[in-house]
Amino acid sequence: MTRPPESGDGRPVLPDALYEAGLPVDLLSDEQRLVLSRLTPHELEVLLDIKSRLDAVEPEVQAHGEIAGGALF
């Protein structure tokens, strides 16, 4: 597997779509960023679809997150 390109600060460059979707990628560890930088186009599509569906039910997810102690994004 080829190494993903790095930004000027040495961190893996992530697809713009992750930022555009509002994912908190700047809060991730370098290891987590590396995983996201290596997503296939299909995997990225699936992740963004899941994020979109979570956003569509945000108030319900937030309420569950407060009770359960966390949520996916």
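Residues numbered from 1 in each chain as written. Predicted model: local features only at pLDDT ≥ 70, side-chain atom pairs only at ≥ 80, totals over all residues. Heavy atoms only, no water.

Asker: So what about the overall build of the protein chain? Which residues, and what values?
Answerer: Assigned secondary structure in the protein chain consists of four helices and zero strands. Starting at the N terminus and ending at the C terminus, the protein chain contains elements arranged as α-α-α-α. Among the 73 residues that make up the protein chain, the fraction classed as buried is 18%. Considering only contacts within the protein chain whose residues lie at least 6 apart along the sequence, 38% involve residues at least 24 apart. Here the protein chain displays about 5400 Å² of accessible surface, and carbon together with sulfur accounts for 57% of that area. (Helix = DSSP H or I, 4+ residues; strand = E, 2+ residues; numbered from the N terminus. Buried < 20%, exposed > 50% of the residue type's maximum accessible area, 1.4 Å probe, protein only. Contact = heavy atoms within 4.5 Å. Areas by Shrake-Rupley, 256 points an atom, 1.4 Å probe, with all protein chains shown as cover.)

Asker: Can you lay out the nonpolar core for me, pointing to particular residues and giving the numbers?
Answerer: Among the nonpolar cores identified, the biggest contains seven residues, and these are Leu14, Leu18, Leu23, Val25, Leu36, Leu44 and Leu47. When neighbours within four sequence positions are excluded, Leu14 is seen to be in contact with Tyr19, Val25, Arg33, Leu36 and Ser37. (Core = buried A, V, L, I, M, F, W, Y, C linked by side-chain atoms within 4.5 Å.)

Asker: Tell me about the pattern of salt bridges, and please be specific about residues and values.
Answerer: Close approach of charged atoms lets side chains of opposite charge pair. On inspection of all chains with the given rule, the structure shows four salt bridges. Residues Asp30 and Arg11 are paired through a salt bridge, measuring 2.9 Å at the closest nitrogen-oxygen approach. One end of the pair, Asp30, is in helix α2 (residues 30–37); the other, Arg11, is in the segment before α1 (16–20), with 19 residues separating them in the sequence. Across the pair Arg33 and Asp26 runs a salt bridge whose closest N-O atoms are separated by 3.9 Å. Note on Arg33: relative accessible area 5%, which makes it buried. (Salt bridge = Lys/Arg side-chain N within 4 Å of Asp/Glu carboxyl O.)

Asker: How would you summarise the side chain of Ser37 if you had to cite specific residues and measurements?
Answerer: For Ser37, the position within the fold is in helix α2. A polar contact of 2.7 Å, which involves the side chain of Ser37, links it to the backbone oxygen of Leu34. (Polar contact = N/O pair within 3.5 Å; in protein donor to acceptor, adjacent residues only side chain to side chain.)

Asker: So what's going on with the side chain of Lys51? Which residues, and what values?
Answerer: In this structure, Lys51 sits in helix α3 (residues 41–56). The exposure class assigned to Lys51 is buried, which follows from its relative accessible area of 9%.

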